[in-house]
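# A closer look at the structure
Residue strings, one per chain:
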Amino acid sequence: MALIEQSLNRRYSLFVREELDELSESFTITDPSISGHPIVFASSGFLKMSGYSKEEVIGKNGRVFQGPRTNRRSVMEIREAIREERPIQINLLNYRKDGTPFWMLFHMSPVFSKDDGRVTHFVGVHVPISPKPRRSSSEVGRNGVNLCEDGSRMRGDIVFGSCRREVCSDSLVELGRILDLESVLDSDSRGLDIEEPCEASDLEKQRAANAIENISSVLTRYSQLTGRLVCEKRCCLPGAGLLNSSLIISLGRIKQSFVLTDQHLPDMPIVYASDAFLRLTGYTRHEVLGRNCRFLSGVDTDPSTLYKMKESIRVEQACTVRILNYRKDKSSFWNYLHISPVRNASGKIAYFVGVQIEEGCKDQDRHGLSPQMRQLGAVGAVKVAVRSLSIGAGPSMS
(Lines give C-alpha, C1' and ligand atoms only; values in the text may rest on other atoms or scores of the structure.)
Protein backbone atom coordinates (compact mmCIF):
# COMPACT_ATOMS: atom_id res chain seq x y z
CA MET A 1 0.00 0.00 0.00
CA ALA A 2 3.00 2.31 0.35
CA LEU A 3 3.28 2.69 -3.43
CA ILE A 4 -0.40 3.60 -3.62
CA GLU A 5 -0.07 6.23 -0.90
CA GLN A 6 2.97 7.74 -2.61
CA SER A 7 1.28 7.78 -6.02
CA LEU A 8 -0.55 11.06 -5.37
CA ASN A 9 1.51 12.46 -2.51
CA ARG A 10 4.83 12.45 -4.37
CA ARG A 11 3.50 14.32 -7.39
CA TYR A 12 0.73 16.54 -5.99
CA SER A 13 1.62 17.07 -2.29
CA LEU A 14 -0.06 15.71 0.83
CA PHE A 15 -3.02 18.07 0.61
CA VAL A 16 -4.40 17.13 -2.81
CA ARG A 17 -6.63 14.39 -1.34
CA GLU A 18 -8.44 16.92 0.83
CA GLU A 19 -9.46 19.07 -2.12
CA LEU A 20 -10.34 16.06 -4.27
CA ASP A 21 -12.60 14.88 -1.43
CA GLU A 22 -14.49 18.15 -1.60
CA LEU A 23 -15.47 17.63 -5.24
CA SER A 24 -19.03 16.39 -5.70
CA GLU A 25 -18.29 14.31 -8.79
CA SER A 26 -18.14 10.51 -8.77
CA PHE A 27 -14.65 9.54 -9.94
CA THR A 28 -11.59 7.37 -9.44
CA ILE A 29 -7.88 7.90 -10.16
CA THR A 30 -5.67 4.99 -11.22
CA ASP A 31 -1.91 4.60 -11.57
CA PRO A 32 -0.69 2.54 -14.56
CA SER A 33 2.87 2.45 -13.23
CA ILE A 34 1.85 0.28 -10.25
CA SER A 35 1.32 -3.45 -10.74
CA GLY A 36 -2.31 -4.19 -11.57
CA HIS A 37 -3.14 -0.58 -12.55
CA PRO A 38 -4.90 -0.03 -9.20
CA ILE A 39 -7.23 2.70 -7.98
CA VAL A 40 -5.24 5.16 -5.86
CA PHE A 41 -8.11 7.54 -5.11
CA ALA A 42 -11.90 7.17 -4.99
CA SER A 43 -14.20 10.14 -4.40
CA SER A 44 -16.94 10.10 -1.79
CA GLY A 45 -19.47 10.39 -4.62
CA PHE A 46 -18.15 7.22 -6.21
CA LEU A 47 -18.19 5.33 -2.90
CA LYS A 48 -21.77 6.38 -2.29
CA MET A 49 -22.84 5.37 -5.79
CA SER A 50 -21.11 1.96 -5.69
CA GLY A 51 -21.80 1.05 -2.07
CA TYR A 52 -18.17 0.18 -1.37
CA SER A 53 -15.99 1.59 1.39
CA LYS A 54 -12.69 3.31 0.61
CA GLU A 55 -10.76 0.35 2.05
CA GLU A 56 -12.57 -2.01 -0.32
CA VAL A 57 -11.73 0.09 -3.39
CA ILE A 58 -8.22 1.49 -2.99
CA GLY A 59 -5.64 -0.86 -4.47
CA LYS A 60 -8.19 -2.70 -6.61
CA ASN A 61 -8.48 -2.68 -10.39
CA GLY A 62 -11.64 -1.18 -11.91
CA ARG A 63 -12.69 -4.59 -13.24
CA VAL A 64 -14.11 -5.45 -9.77
CA PHE A 65 -17.15 -3.31 -10.65
CA GLN A 66 -17.92 -5.32 -13.77
CA GLY A 67 -20.26 -8.30 -13.84
CA PRO A 68 -21.76 -11.03 -16.01
CA ARG A 69 -23.75 -8.59 -18.17
CA THR A 70 -20.97 -6.05 -18.68
CA ASN A 71 -20.33 -5.75 -22.40
CA ARG A 72 -16.95 -7.32 -23.20
CA ARG A 73 -16.57 -5.17 -26.30
CA SER A 74 -16.91 -2.01 -24.20
CA VAL A 75 -14.25 -3.31 -21.82
CA MET A 76 -11.93 -3.94 -24.77
CA GLU A 77 -12.53 -0.40 -26.04
CA ILE A 78 -11.44 0.94 -22.65
CA ARG A 79 -8.31 -1.21 -22.71
CA GLU A 80 -7.53 0.03 -26.21
CA ALA A 81 -7.86 3.64 -25.05
CA ILE A 82 -5.41 2.89 -22.23
CA ARG A 83 -3.00 1.33 -24.70
CA GLU A 84 -3.21 4.37 -26.96
CA GLU A 85 -3.14 6.72 -23.95
CA ARG A 86 -6.19 8.70 -25.11
CA PRO A 87 -9.53 9.75 -23.58
CA ILE A 88 -12.69 7.70 -24.03
CA GLN A 89 -16.36 8.22 -23.21
CA ILE A 90 -18.51 5.07 -23.23
CA ASN A 91 -21.74 3.66 -21.79
CA LEU A 92 -21.04 0.79 -19.40
CA LEU A 93 -23.07 -1.59 -17.26
CA ASN A 94 -21.45 -1.86 -13.83
CA TYR A 95 -22.46 -3.48 -10.56
CA ARG A 96 -22.80 -2.09 -7.05
CA LYS A 97 -21.48 -3.90 -3.99
CA ASP A 98 -24.93 -5.43 -3.35
CA GLY A 99 -24.90 -6.93 -6.85
CA THR A 100 -27.44 -4.60 -8.46
CA PRO A 101 -26.50 -3.52 -12.00
CA PHE A 102 -26.71 0.06 -13.19
CA TRP A 103 -25.87 1.93 -16.38
CA MET A 104 -23.30 4.69 -16.25
CA LEU A 105 -21.39 6.92 -18.60
CA PHE A 106 -17.68 6.24 -18.10
CA HIS A 107 -15.38 9.07 -19.13
CA MET A 108 -11.67 8.26 -18.78
CA SER A 109 -8.85 10.67 -19.50
CA PRO A 110 -5.05 10.37 -19.08
CA VAL A 111 -2.97 12.83 -17.05
CA PHE A 112 0.43 13.60 -18.60
CA SER A 113 3.71 14.69 -17.08
CA LYS A 114 4.59 18.10 -18.48
CA ASP A 115 8.30 17.31 -18.31
CA ASP A 116 8.52 14.12 -20.34
CA GLY A 117 5.04 13.42 -21.72
CA ARG A 118 4.61 10.22 -19.71
CA VAL A 119 1.15 9.20 -18.49
CA THR A 120 1.15 9.52 -14.70
CA HIS A 121 -2.50 8.66 -13.95
CA PHE A 122 -5.87 8.00 -15.51
CA VAL A 123 -8.96 9.83 -14.21
CA GLY A 124 -12.24 7.96 -14.58
CA VAL A 125 -15.53 9.83 -14.10
CA HIS A 126 -18.69 7.77 -13.49
CA VAL A 127 -22.01 9.46 -14.32
CA PRO A 128 -25.15 7.33 -13.68
CA ILE A 129 -27.41 7.28 -16.72
CA SER A 130 -30.99 8.21 -15.91
CA PRO A 131 -33.35 5.40 -16.98
CA LYS A 132 -35.95 6.23 -19.57
CA PRO A 133 -39.43 6.65 -18.00
CA ARG A 134 -41.45 3.45 -18.13
CA ARG A 135 -45.00 3.42 -19.51
CA SER A 136 -47.47 3.49 -16.64
CA SER A 137 -50.96 2.05 -16.50
CA SER A 138 -52.35 5.57 -16.84
CA GLU A 139 -51.28 5.44 -20.47
CA VAL A 140 -53.94 2.84 -21.08
CA GLY A 141 -57.15 4.60 -22.16
CA ARG A 142 -60.72 3.59 -21.71
CA ASN A 143 -62.11 0.46 -23.39
CA GLY A 144 -58.62 -1.08 -23.48
CA VAL A 145 -57.12 1.55 -25.78
CA ASN A 146 -53.33 1.61 -25.45
CA LEU A 147 -51.10 4.41 -26.68
CA CYS A 148 -47.92 2.81 -28.02
CA GLU A 149 -44.48 4.40 -27.86
CA ASP A 150 -44.83 5.58 -31.45
CA GLY A 151 -48.16 7.31 -30.65
CA SER A 152 -50.38 4.79 -32.46
CA ARG A 153 -53.56 3.43 -30.90
CA MET A 154 -54.05 -0.23 -30.16
CA ARG A 155 -57.53 -1.48 -29.17
CA GLY A 156 -58.42 -4.67 -27.39
CA ASP A 157 -54.93 -5.70 -26.26
CA ILE A 158 -52.31 -4.73 -23.68
CA VAL A 159 -48.58 -5.15 -24.00
CA PHE A 160 -46.36 -5.66 -20.97
CA GLY A 161 -42.69 -6.67 -21.09
CA SER A 162 -42.44 -8.96 -24.07
CA CYS A 163 -45.84 -10.57 -23.39
CA ARG A 164 -49.07 -9.76 -25.19
CA ARG A 165 -52.53 -10.87 -24.13
CA GLU A 166 -55.87 -10.28 -25.80
CA VAL A 167 -58.60 -8.88 -23.51
CA CYS A 168 -62.20 -8.09 -24.02
CA SER A 169 -62.61 -4.34 -24.36
CA ASP A 170 -65.81 -4.21 -22.34
CA SER A 171 -64.57 -6.37 -19.44
CA LEU A 172 -63.41 -4.03 -16.70
CA VAL A 173 -62.79 -6.93 -14.35
CA GLU A 174 -60.49 -8.65 -16.79
CA LEU A 175 -58.81 -5.33 -17.54
CA GLY A 176 -58.13 -4.83 -13.85
CA ARG A 177 -56.63 -8.28 -13.55
CA ILE A 178 -54.36 -7.68 -16.50
CA LEU A 179 -53.18 -4.33 -15.14
CA ASP A 180 -52.44 -5.94 -11.78
CA LEU A 181 -50.43 -8.64 -13.54
CA GLU A 182 -48.63 -5.97 -15.58
CA SER A 183 -47.68 -4.23 -12.36
CA VAL A 184 -46.20 -7.44 -10.95
CA LEU A 185 -44.29 -8.18 -14.14
CA ASP A 186 -43.09 -4.60 -14.24
CA SER A 187 -41.49 -4.89 -10.81
CA ASP A 188 -40.07 -8.34 -11.48
CA SER A 189 -38.50 -7.36 -14.81
CA ARG A 190 -36.52 -4.37 -13.61
CA GLY A 191 -33.38 -6.48 -13.32
CA LEU A 192 -33.88 -7.65 -16.91
CA ASP A 193 -34.59 -4.21 -18.35
CA ILE A 194 -31.35 -2.85 -16.90
CA GLU A 195 -29.44 -5.17 -19.20
CA GLU A 196 -30.80 -3.44 -22.31
CA PRO A 197 -28.30 -0.96 -23.80
CA CYS A 198 -28.75 2.48 -22.29
CA GLU A 199 -27.54 5.67 -23.96
CA ALA A 200 -26.31 8.71 -22.07
CA SER A 201 -27.95 12.02 -22.82
CA ASP A 202 -26.05 15.06 -24.09
CA LEU A 203 -26.46 16.62 -20.63
CA GLU A 204 -24.87 13.59 -18.96
CA LYS A 205 -22.02 13.64 -21.46
CA GLN A 206 -21.40 17.31 -20.71
CA ARG A 207 -21.50 16.62 -16.96
CA ALA A 208 -18.76 14.00 -17.41
CA ALA A 209 -16.61 16.34 -19.50
CA ASN A 210 -17.01 19.15 -16.95
CA ALA A 211 -16.03 16.78 -14.15
CA ILE A 212 -12.82 15.83 -15.98
CA GLU A 213 -11.96 19.52 -16.32
CA ASN A 214 -12.58 20.17 -12.61
CA ILE A 215 -10.44 17.23 -11.49
CA SER A 216 -7.65 18.05 -13.95
CA SER A 217 -7.64 21.63 -12.69
CA VAL A 218 -7.08 20.45 -9.12
CA LEU A 219 -4.30 18.05 -10.11
CA THR A 220 -2.57 20.68 -12.26
CA ARG A 221 -2.69 23.27 -9.48
CA TYR A 222 -1.30 20.94 -6.83
CA SER A 223 1.44 19.62 -9.12
CA GLN A 224 2.79 23.16 -9.20
CA LEU A 225 3.48 22.90 -5.46
CA THR A 226 5.89 20.03 -5.98
CA GLY A 227 7.32 21.24 -9.27
CA ARG A 228 6.32 17.98 -10.97
CA LEU A 229 3.84 19.55 -13.36
CA VAL A 230 1.06 17.66 -15.09
CA CYS A 231 -1.32 18.59 -17.88
CA GLU A 232 -4.55 17.24 -19.38
CA LYS A 233 -3.06 17.01 -22.87
CA ARG A 234 0.38 15.75 -23.79
CA CYS A 235 2.65 18.79 -23.88
CA CYS A 236 5.63 16.99 -25.41
CA LEU A 237 6.56 13.68 -26.97
CA PRO A 238 7.35 10.87 -24.50
CA GLY A 239 10.99 10.88 -23.51
CA ALA A 240 13.37 8.22 -24.73
CA GLY A 241 13.15 5.01 -22.74
CA LEU A 242 9.66 5.68 -21.38
CA LEU A 243 7.34 2.73 -21.77
CA ASN A 244 3.77 2.83 -22.98
CA SER A 245 1.18 2.61 -20.18
CA SER A 246 -0.31 -0.53 -21.67
CA LEU A 247 3.07 -2.30 -21.63
CA ILE A 248 3.67 -1.21 -18.04
CA ILE A 249 0.29 -2.66 -17.05
CA SER A 250 1.07 -5.96 -18.81
CA LEU A 251 4.51 -6.20 -17.20
CA GLY A 252 2.95 -5.43 -13.82
CA ARG A 253 1.06 -8.72 -13.94
CA ILE A 254 4.36 -10.65 -13.82
CA LYS A 255 5.13 -11.39 -10.18
CA GLN A 256 8.78 -12.36 -10.59
CA SER A 257 11.65 -9.99 -9.75
CA PHE A 258 12.98 -8.54 -13.01
CA VAL A 259 14.15 -5.39 -14.78
CA LEU A 260 13.92 -4.28 -18.39
CA THR A 261 16.85 -2.36 -19.89
CA ASP A 262 17.16 -0.50 -23.18
CA GLN A 263 20.42 -1.12 -25.04
CA HIS A 264 19.57 1.58 -27.58
CA LEU A 265 20.01 4.30 -24.93
CA PRO A 266 23.34 5.54 -23.54
CA ASP A 267 24.60 3.33 -20.69
CA MET A 268 21.74 0.85 -21.19
CA PRO A 269 19.46 2.16 -18.39
CA ILE A 270 16.66 0.36 -16.59
CA VAL A 271 13.31 1.38 -18.10
CA TYR A 272 11.13 -0.92 -16.01
CA ALA A 273 11.52 -2.53 -12.57
CA SER A 274 8.98 -4.94 -11.12
CA ASP A 275 7.53 -4.59 -7.64
CA ALA A 276 9.28 -7.81 -6.63
CA PHE A 277 12.64 -6.33 -7.70
CA LEU A 278 12.00 -3.27 -5.54
CA ARG A 279 11.19 -5.47 -2.55
CA LEU A 280 14.31 -7.57 -3.15
CA THR A 281 16.72 -4.63 -3.40
CA GLY A 282 15.05 -2.09 -1.10
CA TYR A 283 15.09 0.69 -3.69
CA THR A 284 12.09 2.75 -4.79
CA ARG A 285 11.09 2.90 -8.43
CA HIS A 286 12.29 6.45 -9.04
CA GLU A 287 15.71 5.50 -7.56
CA VAL A 288 16.07 2.70 -10.09
CA LEU A 289 14.68 3.94 -13.41
CA GLY A 290 17.26 5.52 -15.69
CA ARG A 291 20.24 3.85 -14.00
CA ASN A 292 22.51 1.09 -15.25
CA CYS A 293 22.29 -2.17 -13.30
CA ARG A 294 25.86 -1.81 -12.09
CA PHE A 295 24.64 0.06 -9.00
CA LEU A 296 23.73 -3.38 -7.59
CA SER A 297 27.39 -4.40 -7.66
CA GLY A 298 29.85 -3.82 -4.81
CA VAL A 299 33.39 -4.34 -3.62
CA ASP A 300 33.16 -8.14 -3.55
CA THR A 301 31.33 -8.58 -6.86
CA ASP A 302 33.39 -10.77 -9.19
CA PRO A 303 34.60 -8.73 -12.22
CA SER A 304 34.73 -11.87 -14.37
CA THR A 305 31.00 -12.37 -13.83
CA LEU A 306 30.33 -8.80 -14.89
CA TYR A 307 32.45 -9.39 -18.02
CA LYS A 308 30.47 -12.53 -18.88
CA MET A 309 27.21 -10.55 -18.64
CA LYS A 310 28.62 -7.76 -20.80
CA GLU A 311 29.75 -10.21 -23.47
CA SER A 312 26.37 -11.95 -23.64
CA ILE A 313 24.71 -8.59 -24.22
CA ARG A 314 27.26 -7.68 -26.89
CA VAL A 315 26.60 -10.88 -28.85
CA GLU A 316 22.86 -10.64 -28.09
CA GLN A 317 22.66 -14.01 -26.39
CA ALA A 318 21.02 -15.19 -23.16
CA CYS A 319 23.15 -16.10 -20.15
CA THR A 320 22.76 -17.19 -16.53
CA VAL A 321 25.17 -16.21 -13.76
CA ARG A 322 25.51 -16.35 -9.99
CA ILE A 323 26.52 -12.88 -8.85
CA LEU A 324 26.99 -11.14 -5.51
CA ASN A 325 24.75 -8.04 -5.42
CA TYR A 326 23.99 -5.40 -2.82
CA ARG A 327 20.73 -3.95 -1.52
CA LYS A 328 20.12 -0.30 -0.76
CA ASP A 329 20.96 -0.91 2.90
CA LYS A 330 24.39 -2.28 1.77
CA SER A 331 23.55 -5.86 2.75
CA SER A 332 24.71 -8.42 0.20
CA PHE A 333 22.89 -11.37 -1.38
CA TRP A 334 23.69 -14.00 -3.97
CA ASN A 335 21.66 -13.33 -7.07
CA TYR A 336 20.83 -16.14 -9.46
CA LEU A 337 20.51 -13.91 -12.54
CA HIS A 338 19.22 -14.77 -16.01
CA ILE A 339 19.63 -12.24 -18.83
CA SER A 340 17.88 -12.54 -22.19
CA PRO A 341 17.22 -10.33 -25.22
CA VAL A 342 13.58 -9.41 -25.89
CA ARG A 343 12.60 -8.96 -29.53
CA ASN A 344 9.65 -7.03 -30.90
CA ALA A 345 7.21 -8.28 -33.54
CA SER A 346 9.63 -7.43 -36.35
CA GLY A 347 12.38 -9.56 -34.78
CA LYS A 348 14.59 -6.69 -33.66
CA ILE A 349 15.89 -6.53 -30.10
CA ALA A 350 13.84 -4.00 -28.18
CA TYR A 351 15.08 -4.66 -24.62
CA PHE A 352 17.08 -6.95 -22.42
CA VAL A 353 15.36 -8.54 -19.44
CA GLY A 354 17.18 -9.55 -16.27
CA VAL A 355 15.34 -11.94 -13.93
CA GLN A 356 16.64 -12.23 -10.36
CA ILE A 357 16.20 -15.01 -7.80
CA GLU A 358 17.83 -14.65 -4.41
CA GLU A 359 19.80 -17.76 -3.57
CA GLY A 360 18.45 -19.46 -0.48
CA CYS A 361 15.20 -17.48 -0.47
CA LYS A 362 12.62 -19.49 1.49
CA ASP A 363 9.72 -18.98 -0.92
CA GLN A 364 11.64 -19.68 -4.15
CA ASP A 365 10.06 -23.14 -4.54
CA ARG A 366 6.55 -22.25 -3.31
CA HIS A 367 5.03 -23.27 -6.66
CA GLY A 368 7.12 -26.39 -7.02
CA LEU A 369 9.12 -24.92 -9.92
CA SER A 370 12.89 -24.83 -10.21
CA PRO A 371 14.59 -21.42 -10.37
CA GLN A 372 15.38 -22.04 -14.04
CA MET A 373 11.75 -22.69 -14.89
CA ARG A 374 10.58 -19.63 -12.97
CA GLN A 375 13.07 -17.45 -14.81
CA LEU A 376 12.18 -18.83 -18.21
CA GLY A 377 8.49 -18.33 -17.41
CA ALA A 378 9.09 -14.69 -16.53
CA VAL A 379 11.17 -14.14 -19.69
CA GLY A 380 8.42 -15.70 -21.80
CA ALA A 381 5.77 -13.47 -20.24
CA VAL A 382 7.88 -10.36 -20.90
CA LYS A 383 8.40 -11.37 -24.53
CA VAL A 384 4.67 -11.89 -25.04
CA ALA A 385 3.89 -8.47 -23.53
CA VAL A 386 6.44 -6.65 -25.72
CA ARG A 387 5.47 -8.44 -28.92
CA SER A 388 1.75 -7.99 -28.31
CA LEU A 389 2.20 -4.26 -27.89
CA SER A 390 4.37 -3.90 -30.99
CA ILE A 391 1.86 -5.90 -33.06
CA GLY A 392 -1.03 -3.70 -31.94
CA ALA A 393 0.84 -0.43 -32.06
CA GLY A 394 -0.52 2.11 -34.49
CA PRO A 395 -0.44 5.83 -35.02
CA SER A 396 -0.62 7.84 -31.83
CA MET A 397 -4.11 8.97 -30.91
CA SER A 398 -2.97 11.24 -28.10
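Computed from a predicted model, the values in this text were never measured in an experiment.

## A short note on the overall build of the protein chain
Of the regular secondary structure elements, the protein chain holds 13 helices and 15 strands. Within the span of the protein chain, comprising 398 residues, buried residues form 45% of the whole. Taking contacts inside the protein chain between residues at least 6 apart in sequence as the whole, the part at least 24 apart equals 53%. When the accessible surface of the protein chain is split by element, carbon and sulfur atoms take 53% of a total near 21,200 Å².

## A few points about the packing of aromatic side chains
Applying the stated criterion to the full structure yields five aromatic pairs. With a centroid separation of 5.0 Å and an interplanar angle of 85°, the aromatic rings of tyrosine 283 and phenylalanine 295 are classed as edge-to-face. With tyrosine 283 in the loop between helix 10 (275-281) and helix 11 (285-288) and phenylalanine 295 in the loop between helix 11 and helix 12 (303-314), this residue pair connects regions lying 12 residues apart in the sequence. Comparing tyrosine 283 with phenylalanine 295 shows no difference in burial state: the two are buried. An aromatic cluster is defined as three or more aromatic residues linked by ring pairs; in this entry it consists of Phe46, Tyr52 and Phe65. Just above the ring of phenylalanine 295 sits the side chain of arginine 291; from NZ or CZ to the centre is 4.3 Å.

## Brief notes about the environment of proline 87
Assignment of secondary structure puts proline 87 in the loop between helix 5 (72-84) and strand 3 (88-95). Note: C-alpha distance between proline 87 and histidine 107 (20 residues apart in sequence) is 7.4 Å. When sequence neighbours within four positions are dropped, the list of residues in contact with proline 87 reads Met108, Ser109 and Pro110.

## Some words on helix 5
In a regular helix each residue adds 1.5 Å, so 13 residues correspond to 18 Å; helix 5 covers 18 Å between its end C-alpha atoms and thus fits that length. Residues of helix 5 that are buried include every one of Ser74, Val75, Ile78, Ala81, Ile82, Arg83 and Glu84, and no others. The opening residue of helix 5 is asparagine 71, an N-cap whose side-chain oxygen sits 2.7 Å from the backbone nitrogen of arginine 73. Note on helix 5: the residue one or two positions beyond its end, glutamate 85, has a positive phi of about 55°.

## What to know about the confidence of the model for the protein chain
With 77% of its residues at a pLDDT of 70 or more, the protein chain shows a mean pLDDT of 81. Ranking the elements of the protein chain by mean pLDDT puts strand 8 (residues 157-160) last with 37 and strand 1 (residues 27-30) first with 97. In the predicted structure, residues 137-175 sits below a pLDDT of 50 and forms 52 contacts with residues beyond four places in sequence or in another chain.

## Looking at the sheet that holds strand 15 (residues 349-358)
Sheet strands pair by backbone hydrogen bonding; their relative direction is either parallel or antiparallel. On the basis of which strands lie adjacent, the open sheet formed by five strands has the order 12-11-15-14-13 and antiparallel pairing. Since the sheet does not close on itself, it has two edges, and those belong to strand 12 (270-273) and strand 13 (319-326), each with one partner. Sheet twist, expressed as the mean angle between neighbouring strand axes with direction ignored, is 30°. Relative to strand 12, strand 11 (residues 258-261) runs antiparallel, the two being bridged by three bridges.

## A word on the layout of surface pockets
Empty space within the second largest pocket amounts to approximately 820 Å³. What lines the second largest pocket is a set of 36 residues, and nearest its centre among them are His37, Asn61, Ile78, Arg79 and Ile82. Element by element, the count of residues in the lining of the second largest pocket is highest for helix 5, at seven residues. Looking at the lining of the second largest pocket residue by residue, the classes come out as 18 nonpolar, 13 polar and five charged.

## Here's the deal with unusual backbone geometry
A negative phi holds for most residues other than glycine; trans holds for most peptide bonds. Although it is not a glycine, serine 13 adopts a positive phi angle of roughly 90°. Position of serine 13 among the secondary structure elements: in the loop between helix 1 (2-12) and helix 2 (16-22). Serine 13 gets classed as buried once you look at its relative accessible area, which sits at 11%. Positioned with a positive phi, aspartate 267 is a non-glycine residue whose angle comes to about 70°. Mapping aspartate 267 onto the fold places it in the loop between strand 11 and strand 12.

## Quick look at the pattern of salt bridges
Applying the stated criterion across every chain, the model contains 11 salt bridges. In this structure, glutamate 84 engages arginine 86 in a salt bridge whose closest nitrogen and oxygen atoms are separated by 2.5 Å. Since its relative accessible area comes to 19%, arginine 86 is described here as buried. Here arginine 322 makes a salt bridge to glutamate 359, at a shortest N to O gap of 2.8 Å. Of the two residues, arginine 322 sits in strand 13 while glutamate 359 sits in the loop between strand 15 and helix 13 (371-392), which places them 37 residues apart along the sequence. Overall, the relative accessible area of 42% leaves glutamate 359 in the partly exposed class. Sharing partners across several salt bridges, the network here consists of Glu80, Arg83, Glu84 and Arg86.

Analysis parameters
Residues numbered from 1 in each chain as written. Predicted model: local features only at pLDDT ≥ 70, side-chain atom pairs only at ≥ 80, totals over all residues. Heavy atoms only, no water. Helix = DSSP H or I, 4+ residues; strand = E, 2+ residues; numbered from the N terminus. Buried < 20%, exposed > 50% of the residue type's maximum accessible area, 1.4 Å probe, protein only. Contact = heavy atoms within 4.5 Å. Areas by Shrake-Rupley, 256 points an atom, 1.4 Å probe, with all protein chains shown as cover. Phe/Tyr/Trp six-rings, centres within 6.5 Å; stacked < 30°, edge-to-face > 60°. Lys NZ or Arg CZ within 6 Å of the ring centre and 35° of its normal. Expected span 1.5 Å × (residues − 1). Polar contact = N/O pair within 3.5 Å; in protein donor to acceptor, adjacent residues only side chain to side chain. pLDDT = per-residue confidence, 0-100. Pairing = 2+ DSSP bridges. Axes fitted to C-alpha atoms, helices over the stretch in contact; angles between N-to-C directions. 1 Å grid on protein atoms, 1.4 Å probe; cavity = no way out; pocket = protein on both sides within 12 Å on 5 of 7 lines; lining within 4 Å. Points joined across faces, edges and corners; volume = space filled by probe spheres on them. Nonpolar A, V, L, I, M, F, W, Y, C, P; charged D, E, K, R; others polar. Salt bridge = Lys/Arg side-chain N within 4 Å of Asp/Glu carboxyl O.

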